[in-house]
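Inside the fold
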Amino acid sequence: MTATDLSAPAPPITVPVGSRPGGRRGAARGWRIVGYAALGLAAGGLLLPFYWMVVASLKTNNDVFTIPIKWLPDPVVWHNYVDIWQRSEMTTWLKNTLLLSVVVTFLQVFTGSFAAYGFARIRFPGRNLLFLAYLGTFAVPWQSYMIPQFILMSKLELSNTLWSIVALQAFGAFGVFLMKQYYETIPEELSESARVDGLTEFGIYRRIMLPLSRPALASLTLLTFVTTWNDYLGPLIYLRSPELRTIQLGLRTFIDEYNAEYALIMTGSVLSVLPVAVIFLLGQRYFVEGIATTGLKG
C-alpha cells in the first residue's frame, strides 16, 4: 500500500437516526409525554363525575340539569350544606357509619394480622391446608349463606343492632392473606434472633412484625374502612330501626323522600364521600407501598 493510500481520508460513517443516543432519548421522551397525556385524560375521565357531583351540590335545584351544562355554579349556594343537616338525620347516619367503620376496621386489622402471623411464622400440622381452606372462602359468594347468617344473628338476638354488623365483619380472609404475604417478606432471622433473646411469639408479633408491617397495615386499614363505610346490603338486612341507619341507608331514604331535590341529594353524596377521600389522601403513600411490596421476597 502506498503512502498516498494511507493519507487518503476515510469515508464518513453514517449512523441511523434511531440508533443515535440522542435519537433514542428523544423518542423515549416523546413516548413518555404521550403516556403522561393518556394517563392525564384517564384520570380526568375518572374524576369528572366527582367534580360534577361537587359542583351540583353548590347549585340551585333548577340549575343541576340545565342544558348546556354549567361546569361552574352561578350563584354558589352554600346553604345546601346547611339544609341537608336540617332536613335529614345526617348526624345520626354519620355517627353510626363512623362507629361501625372504626370498630370493624380495628377488629379486622387486629384479627387479620394476628392470624397471619400464625400462618407465616409458626409451624404446626396442617398449616398450609388450613390456610388454603381459609382462602377458599373467597370463592363462596355471600348471597349463598346470607340467609343462614341472618337466622343465626336472629337467634343470637343481634339482629337490628350494630353488633350484628360488627360480629359478621370482624374477621376476613383477605386481611389474613394480605398480612401473611407481607410477613413473608420480612427476614426470618429477625424472629430467630428475638427468640434467642427470650422474646415470646406475642412479643415478636407486637414489637417486631407490626412495626415493620406499617405499609401493609395501612393498606388493610384503608381497604377495610372504605368497604365498611360504603356497605349498603349488610345494613339494609340487619339495621331496620331509623336510629340505626348508616349514611348509605340514610341517603336512600332521603332520595325516596326528596326525589326531586337533586342539589340536596348531591350535597348528601359529597358528605358521604368526603371522609373516605380525606383518609385515602392521608394514607395513599403507605397504601401504594403496601400493595406494591406485598408478596416480594426481601
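Analysis parameters
Residues numbered from 1 in each chain as written. Predicted model: local features only at pLDDT ≥ 70, side-chain atom pairs only at ≥ 80, totals over all residues. Heavy atoms only, no water. Helix = DSSP H or I, 4+ residues; strand = E, 2+ residues; numbered from the N terminus. Buried < 20%, exposed > 50% of the residue type's maximum accessible area, 1.4 Å probe, protein only. Contact = heavy atoms within 4.5 Å. Areas by Shrake-Rupley, 256 points an atom, 1.4 Å probe, with all protein chains shown as cover. Core = buried A, V, L, I, M, F, W, Y, C linked by side-chain atoms within 4.5 Å. Axes fitted to C-alpha atoms, helices over the stretch in contact; angles between N-to-C directions. Parallel < 35°, antiparallel > 145°, perpendicular 65-115°, else oblique. Left-handed = near helix turned anticlockwise from the far one by under 90°. Nonpolar A, V, L, I, M, F, W, Y, C, P; charged D, E, K, R; others polar. pLDDT = per-residue confidence, 0-100. Salt bridge = Lys/Arg side-chain N within 4 Å of Asp/Glu carboxyl O. Phe/Tyr/Trp six-rings, centres within 6.5 Å; stacked < 30°, edge-to-face > 60°. Patch = residues over 30% accessible without salt bridge, like charges linked within 9 Å, V, L, I, M, F, W, Y side chains within 5 Å. Lys, Arg positive; Asp, Glu negative; His and termini not counted. Charge placed at Lys NZ, Arg CZ, Asp CG, Glu CD.

1. A word on the overall build of the protein chain
Along the protein chain, the regular secondary structure elements total 14 helices and zero strands. A total of 298 residues make up the protein chain; the buried ones form 37% of that total. Excluding contacts between residues fewer than 6 apart, the proportion of contacts in the protein chain whose partners are at least 24 apart in sequence is 73%. For the protein chain, the exposed area adds up to about 18,200 Å²; of that, 69% sits on carbon and sulfur atoms.

2. Overview of the nonpolar core
Counting residues in each nonpolar core, the largest one holds 23 residues, and the members touching the most others are Met90, Trp229, Ile247 and Phe254. A per-element tally of this core places helix H14 (residues 262-293) first, with seven residues. Beyond its immediate chain neighbours, meaning those up to four positions away, Met90 contacts Ile84, Trp85, Ile247, Gly268 and Leu271. Residues Ala120, Val176, Ile204 and Ala216 belong to the second largest nonpolar core, which totals 21 residues.

3. Focus: the packing of helix H4 (residues 90-121) against helix H7 (residues 162-169)
The interhelical angle for the contact between H4 and H7, taken along N-to-C directions, is 25 degrees, at an axis separation of 9 Å. Overall, the two elements H4 and H7 adopt an arrangement that is roughly parallel. Pair H4 / H7 crosses with right-handed handedness. Contact residues: H4 offers Asn96, Leu99, Leu100, Val103, Val104, Leu107 and Gln108, while H7 offers Leu162, Ile165, Val166 and Gln169. In the contact of H4 with H7, the residues fall into eight nonpolar, three polar and no charged.

4. Some remarks on the side chain of Ser241
Relative to the assigned elements, Ser241 resides in the loop between helix H12 (233-238) and helix H13 (247-257). The buried category is assigned to Ser241, whose relative accessible area is 16%.

5. Examining the confidence of the model for the protein chain
Detailed reading of predicted coordinates is not advised where the pLDDT is low. Scored by pLDDT, the protein chain comes out at a mean of 83, with 88% of its residues at no less than 70. Averaged over each element, pLDDT in the protein chain is lowest for helix H1 (residues 3-7) (51) and highest for H4 (92).

6. What about H7?
Taken together, the buried positions of H7 are occupied by Leu162, Ser164, Ile165, Val166 and Gln169. Among the structural elements, H4, helix H6 (146-155), helix H11 (214-230) and H12 are those in contact with the buried residues of H7.

7. Remarks on the pattern of salt bridges
Scanning the model with the defined rule gives seven salt bridges in all. Between Glu261 and Arg87 there is a salt bridge whose closest N-O contact spans 3.8 Å. Of this pair, Glu261 sits in the loop between H13 and H14 while Arg87 is found in the loop between helix H3 (80-86) and H4, placing the two residues 174 residues apart along the sequence. Taking the shortest distance from any N to any O, the salt bridge between Arg121 and Glu188 comes out at 3.2 Å. Linking Arg121 in helix H4 with Glu188 in helix H9 (residues 188-196), this pair joins segments that are 67 residues apart in sequence. With a relative accessible area of 25%, Glu188 lands in the partly exposed category.

8. Some words on unusual backbone geometry
Even without glycine at this site, Glu157 takes up a positive phi of about 60 degrees. Residues other than glycine seldom take positive phi values, yet Asn160 does so here, at roughly 65 degrees. Of note, Asn160 is situated in the loop between H6 and H7. Under the relative-accessibility criterion, Asn160 is labelled partly exposed at 22%.

9. What about the packing of aromatic side chains?
By the definition in use, this model includes 10 aromatic pairs. Seen in terms of ring centroids, Phe114 and Phe202 are 6.2 Å apart; in terms of plane orientation they differ by 65 degrees. Their pairing is edge-to-face. With Phe114 in helix H4 and Phe202 in helix H10 (residues 201-212), this residue pair connects regions lying 88 residues apart in the sequence. For Phe114, a relative accessible area of 39% puts it in the partly exposed group. Looking at Phe202, the relative accessible area reads 44%, which means it is partly exposed. A ring pair is formed by Phe114 and Tyr205, whose centres lie 5.0 Å apart and whose planes are at 80 degrees; its orientation type is edge-to-face. With Phe114 in helix H4 and Tyr205 in helix H10, this residue pair connects regions lying 91 residues apart in the sequence. We classify Tyr205 as buried; its relative accessible area is 3%. By way of ring pairs, the aromatic residues Phe110, Phe114, Tyr117, Tyr183, Phe202 and Tyr205 are connected into one cluster.

10. Re a positive patch on the surface
Taken together, the side chains of Arg24, Arg25, Arg29 and Arg32 make up a positively charged region of the molecular surface. Classification of Arg24 by relative accessible area gives partly exposed; the value is 47%.

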